[in-house]
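Residue-level structural notes
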Amino acid sequence: MATAFADIEPVGQAAPETTMTALRKAPAVAVPGTLQLALARHARALLAPLLGIAAFLGLWAALAPMVQTSLGALPGPVEVAAQGGALFEEWQASNEAKVQFYADQDARIAAGTQAAAFDYSGSPTFVDQVFTSLETVALGFVLATICAVPIGLAAGLSPLFNAAINPLVQIMKPVSPLAWLPIVTMVVSATVTSADPVLAKSFVISAIVVMLCSLWPTLINTAIGAASIDKDLLNVGRVLRLGAFQKLTRLVLPSALPFIFTGMRLSLGVGWMVLIAAEMLAQNPGLGKFVWDEFQNGSSQSLARIMFAVVVIGLIGFLLDRVMMSLQALVSRNRTV
Amino acid sequence: MRKVRGNGFTRQAAAVALMAGAALAGCGKSDAPTEAAKVVAGGVEKPSLKLGFIKLTDMAPLAIAKEKGFFAEEGLNVMLEPQANWKVLLDGVIGAQLDGAHMLAGQPIAATLGLGTKAEMIAPISLDLNGNAITLSNRVWSLIEPTLPKGADGEPVHPISASVLQPVVQKFRQEGKPFKMGMVFPVSTHNYELRYWLAAGGLNPGYYLPGDVGGTTSADVQLSVTPPPQMPATLEAGTIEGYSVGEPWSQAAVKKKIGVPVITDDQIWHDNPEKVLGLRKDFADKYPGTTAALLRAIIKAQQWLDADGGRNRAEAVQILSRSNYVGADADVIAASMTGKFTFGPGDTRDAAGFNVFFDRFAGYPFYSDAIWTMTQMRRWGQLSVDHDDAWYAAQARAVYRPDLYLAAAKALADRKVIPAAAIPQTDGFKPLDTGFIDHVPYDGHKPNAYIQSLRIGLKQGQKVTASGVTGY
C-alpha cells in the first residue's frame, strides 16, 4: 500500500518542465482542477487498500471451497456475510422477544398473577456478546491504567523503587493470560461469596485477567516517560521551589503523558487479544464464548459464524487502536504547544 | 485546577486499588436473610435462576421447560447457559455462578465423597434414561467389521461384544501404540459404561491410582477425557480410536463419515440412568420452594418430551438445534431423538428406548442407581478402600433425594398434571437388575457382593499401585 502512495507523489512533484503549460492552462479549470486533484488523491489513497481487500476476498472465495472439513467446505466471504446477516436477524428477533417478555410480564403484574418483575432471561445474541466483551475490556483496561500509571510514575521518579520492582515486572510481563486464569478464577470465586453480586463473577474474572496482562506496557512506558523528563525542567522546578506534588502534576505528568498514552494504546491492544482467549477458556460471556459455543455446535453454519466473529473481533480491535491513536496524537500535540 | 484534578486522580486510584478486594469480599454480607426469605409467587424464594448445561440432547428437559413455558408457569425466570466441559460446569455450580446444572450422575456423588472438588451436592431428579453410544473410528471399524457375525439382512448382529476388539488391541500393541479411547469425565456414566463394555469383552480399561484422574494403570485400552462436543474433532484428528459419549455426538460421527457407532448404552445396561439435575445442598436447603418449583417444571417438560409415543419429539429437535442449545444440525439431532439410531452408514435400527425422559419412572432418583455408580468407582479404584454395604446406602441417601422428587411429582399428580401411575411405589431400590450385556445380576442392597461378582475390576482388599493391583 505504501508503494502505491510513493508512485503518486513523485509524479506530482517531478514535473518542473511542464509547470509553465500547466500554469497557462490553469485559469480556465482552476477550481474544478483542484477539486478533481483532491478527489483523485483520495481515490488513489483508497484505491490500494480497496484493491488489497478485493484481492484477499477473491483469493478467499476461490480457495475456501477447496478446503474440505468434516463440517463441509470452508465458507467463503458470501456465506460468512450471510451468517452475519443471520446473526443480526437473531439479534432483532431476540429484541422483539424481549419487548414481548416485558409486555407480558407487565400484564401479569397488573393482573396480580406475578409478584415481582424479572429481568429478561433469553440467551445472549452475538450483538450482546460484543457489548459484553467491550464492557469487560473497558473495565480491565481502566483497572490496569489505574494500577500501572502510579506505579510507573513512582518507578520513573525513584531509581531505587524502579530497581526493586524491575525483576518482578520482567517476570510477570511475559506470563500468558491462560496461566493467570485458574488463579484469578479461584481467588475471585473465593472472595465473591454473595448469591447475587453487583458484578457477575465471570465478568470480574475476565476483567482482572485483562488487567493483569495489559498492565505492563502502560507501566513500563510510564516509567520511561517519567524518567526521561528534561533535567532543565526539573532544575526550573527546583528554582521555583515546587513541592513534590506540584512537581509531579506540573512537570512530570505533562511530559510523561505521550509515553503514558503510547503505553495505554499497547495495553488496550493486548487487553483485547487476552480477553478473547480468556473468554474462550473460562466460558465467560463475550465474543470468545460465542466462538467456542459455535465450535462446539459443529453445525453446518458454525464455521461461517466463527469466521464472521473473527472479522468483527479484528474490526473492533482496529477501531479501539484508532481511538487510542487519536487520543495519543491529541495528547502529544498539547505537549509541544 | 490541574492540581486538584491530579490530586483527585491519584487519591481515587489508590482508593480504588485498595478497596477493590474489600468491596468484592464485602459483597458476601450484603445478602440479607430477609431478602432471601421473601416469598414470591407460589413460595418461590429465588425466581431468577441460571442453570448450566452441556451441549447434549439429554439437556432437553431444561430447554423444553424454558421454551414451552413450564419454568414460567412455576414462577421461575430461568437463564440457560452452555458450559465448555463438565469440570467448568461443576465448578460453576460449586462456586455459585450457576444455581444448578444438567449433570453427570457421578458428579454430585463424587463431589460429596470428595473425589475431585469437595462440595455437598444433591441430585433431586434424574433427567433421562439411556442416550449414549460408543463409536469407533473408521480405521478400527474396517478391522473388526469382517469378523462380526451377520444377521439375515447382512448387517452385524447386536449387541456387539468388545471381545471383537481384542485382536485390534493386540495389533496396536505389537506396533508399539497404545489403543486409546475417549470419554467425557472420570466420574461420568460414559466412562463406566465404556469400561463395563470393554471389561465384559475381556479388555482391561485400567485402574485409577489413589488421587489420580488418569486411570490407565494395567490398561489394555487407555481412556482419556474429552468434552462431548469435541469428540468428533478429536477422533478425526486421530488422537483416539473411539469414544463413549451422549448424543448427538455419535450421530455427528456418522454424518461426518468419520466413525461408526457400535453399541448403545441401552444395549450395555438396559434402561440405565443418565443425567441428573445437580444442585448444591445449601441451595436446596435455603430455597426449598424454588427447588420444588424447578422440579415441577422439569417433570412437566419430561412428560411433554415423552407424550403420546414421542409426538413432540420433532418440535423438540427443532428447539435443540438452535445455536444457543445443542446447536448441531437438526437432522443429526433427529437421528437419535425420534426412535431410530443409525449405526453404520445405511444401518438405521429401531431404538425406541434410546432417549427416555419420563416413561419407566425415568425422573425418579433411585438410591440403587447412585450405589451402582459407587460400585464402579470402587471397581476401578476411584474409591481406594473398601466400605461396607451400609456406607454405600448412607452416601446414596445423602446425595440422591427422592423425597424432593416425590413432593414435586405428587403435587403435580394432585393437580392431575401427571398421572399418579407415573410415580413409582418404591423404597428407592430397583428390583434385581439383570439387564447388563454380560447378564451379571445387580442388587443395590448388596454392593460389595456385586463388586466381587464382576469379571475384571478390584476385589475386596485390593489396592492399586503404580506397578499394578496388589492384595488378595
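A quick note: this is a predicted structure, and the numbers were derived from the prediction, not measured. (Residues numbered from 1 in each chain as written. Chains lettered and ligands numbered in written order. Predicted model: local features only at pLDDT ≥ 70, side-chain atom pairs only at ≥ 80, totals over all residues. Heavy atoms only, no water.)

Attention now moves to the overall build of chain A. The helix and strand inventory of chain A stands at 11 helices and two strands. Along chain A, helices and strands appear, N-terminal first, in the series α-α-β-β-α-α-α-α-α-α-α-α-α. Considering only intrachain contacts with a sequence separation of at least 6, the fraction spanning at least 24 residues in chain A is 72%. About 18600 Å² of surface is accessible on chain A, with carbon and sulfur atoms providing 72% of the total. (Helix = DSSP H or I, 4+ residues; strand = E, 2+ residues; numbered from the N terminus. Contact = heavy atoms within 4.5 Å. Areas by Shrake-Rupley, 256 points an atom, 1.4 Å probe, with all protein chains shown as cover.)

On to the sheet that holds strand β2 (residues 77-82) of chain B, then. Strands belonging to one sheet form pairs held by backbone hydrogen bonds; the direction of such a pair is parallel or antiparallel. Residues and elements named next belong to chain B. With mixed pairing, the five strands of this open sheet are ordered in space as β2-β1-β3-β11-β4. Every other strand in the sheet has two partners, leaving β2 and β4 (121-126) as the edge strands with one partner each. Across the sheet, the axes of successive neighbouring strands diverge by a mean angle of 30 degrees, strand direction being ignored. Bridge count between strand β3 (residues 100-103) and strand β11 (residues 276-280): four bridges; the pairing is antiparallel. (Pairing = 2+ DSSP bridges. Axes fitted to C-alpha atoms, helices over the stretch in contact; angles between N-to-C directions.)

Time to look at the interface of chain A and chain B. Each partner contributes to the interface: chain A provides 45 residues, whereas chain B provides 45 residues. Buried surface at the junction of chain A and chain B, summed over both partners, amounts to about 3700 Å²; 59% is from carbon and sulfur atoms. Linking chain A with chain B are zero salt bridges, by the criterion used here. Counting every contact that joins chain A to chain B gives 13 residue pairs in polar contact (both at pLDDT 80 or more). Counting residues per element, the side of chain A that touches chain B draws most heavily on helix α10 (residues 287-297) of chain A, which supplies seven residues. A per-class count over the side of chain A that touches chain B returns 20 nonpolar, 18 polar and seven charged. (Buried area = accessible area lost by both parts, 1.4 Å probe. Salt bridge = Lys/Arg side-chain N within 4 Å of Asp/Glu carboxyl O. Polar contact = N/O pair within 3.5 Å; in protein donor to acceptor, adjacent residues only side chain to side chain. Nonpolar A, V, L, I, M, F, W, Y, C, P; charged D, E, K, R; others polar.)

Take the pairing of strand β9 (residues 242-246) of chain B next. Residue and element names in this part refer to chain B. Most of β9 is tucked away: five of the five residues are buried. Side chains G242, S244 and G246 project from β9 onto one buried face, and the interleaved Y243 and V245 project onto a second face that is buried too. Pairing between strand β6 (residues 132-137) and β9: five bridges, direction antiparallel. Considered in β9, the bridge of I134 is made with S244. (Buried < 20%, exposed > 50% of the residue type's maximum accessible area, 1.4 Å probe, protein only.)

Once that is clear, we can look at helix α9 (residues 244-282) of chain A. The end-to-end C-alpha separation of α9(A) is 44 Å, well short of the 57 Å expected for 39 residues at 1.5 Å each. Note on α9(A): the residue one or two positions beyond its end, A:Q283, has a positive phi of about 60 degrees. (Expected span 1.5 Å × (residues − 1).)

Before going further, it helps to examine the side chain of B:D128. Residues and elements named next belong to chain B. Within the fold, D128 resides in the loop between β4 and β5 (129-130). Lacking a salt bridge, the buried D128 has K275 as its closest oppositely charged neighbour, with an N-O distance of 5.7 Å. Within the structure, the side chain of D128 is placed 3.1 Å from the backbone nitrogen of K275, a separation counted as a polar contact. Other than its neighbours up to four places away in sequence, D128 contacts D58, N272, P273, E274, K275, Q302, N355, V356 and F357. (Lys, Arg positive; Asp, Glu negative; His and termini not counted.)

Moving on, we come to the environment of A:G314. With respect to the secondary-structure elements, A:G314 resides in helix α11 (residues 302-336). Once the C-alpha coordinates of A:G314 and A:W272 are considered, the two residues, 42 residues apart in sequence, prove to be 9.8 Å apart.

The next subject is the domain arrangement of chain B. Where the parts come together, the accessible area they lose is often given as the size of the interface. All names here are of chain B. Examined at the domain level, chain B breaks down into domain 1 (41-129 + 273-422) and domain 2 (132-272). Summing both partners gives a buried area of about 3700 Å² for domain 1 against domain 2, and 67% of it is carried by carbon and sulfur. Sorting the residues of domain 1 by area buried against domain 2 places F343, W372 and W380 first, and these three jointly supply 20% of that buried surface. The interface formed by domain 1 and domain 2 contains three salt bridges. Measuring nitrogen to oxygen at the nearest pair gives 3.7 Å for the salt bridge that ties K255 to D331. Here domain 1 is connected to domain 2 by 12 residue pairs in polar contact (both at pLDDT 80 or more). The set of elements that each furnish at least two residues to the side of domain 1 that touches domain 2 consists of α5 (86-94), α6 (106-113), α16 (330-337), β12 (340-342) and α17 (367-379). A per-element tally of the side of domain 1 that touches domain 2 places α17 first, with six residues. (Domains from an automatic or database assignment.)

On to a nonpolar patch on the surface, then. Residues and elements named next belong to chain A. A surface patch of nonpolar side chains, amounting to about 500 Å² of accessible area, comprises L46, L50, I53, F56 and L57. Along the chain, the position of L50 falls in helix α2 (residues 19-63). Here L50 falls in the exposed class, since its relative accessible area comes to 51%. (Patch = residues over 30% accessible without salt bridge, like charges linked within 9 Å, V, L, I, M, F, W, Y side chains within 5 Å.)

Here we take up the packing of helix α3 (residues 60-67) of chain B against helix α14 (residues 288-306) of chain B. All names here are of chain B. The geometry of α3 relative to α14 is characterised by a closest axis approach of 8 Å and an angle of 100 degrees between their N-to-C directions. In terms of their interaxial angle, α3 and α14 are classed as roughly perpendicular. Facing A60, P61, L62, I64 and A65 of α3, the residues of α14 in contact are A297, I298, A301, Q302, W304 and L305. Here the residues of the contact of α3 with α14 are counted per class, giving 10 nonpolar, one polar and no charged. (Parallel < 35°, antiparallel > 145°, perpendicular 65-115°, else oblique.)

All names here are of chain A. The full count for this structure, using the stated rule, is zero disulfides over all chains. We note that C147 lacks a disulfide partner, and the nearest cysteine sulfur, in C213, lies 13 Å from it. A residue is classified by how much of its surface remains accessible, and C147, at 21% relative accessible area, is partly exposed. (Disulfide = S-S within 2.5 Å.)

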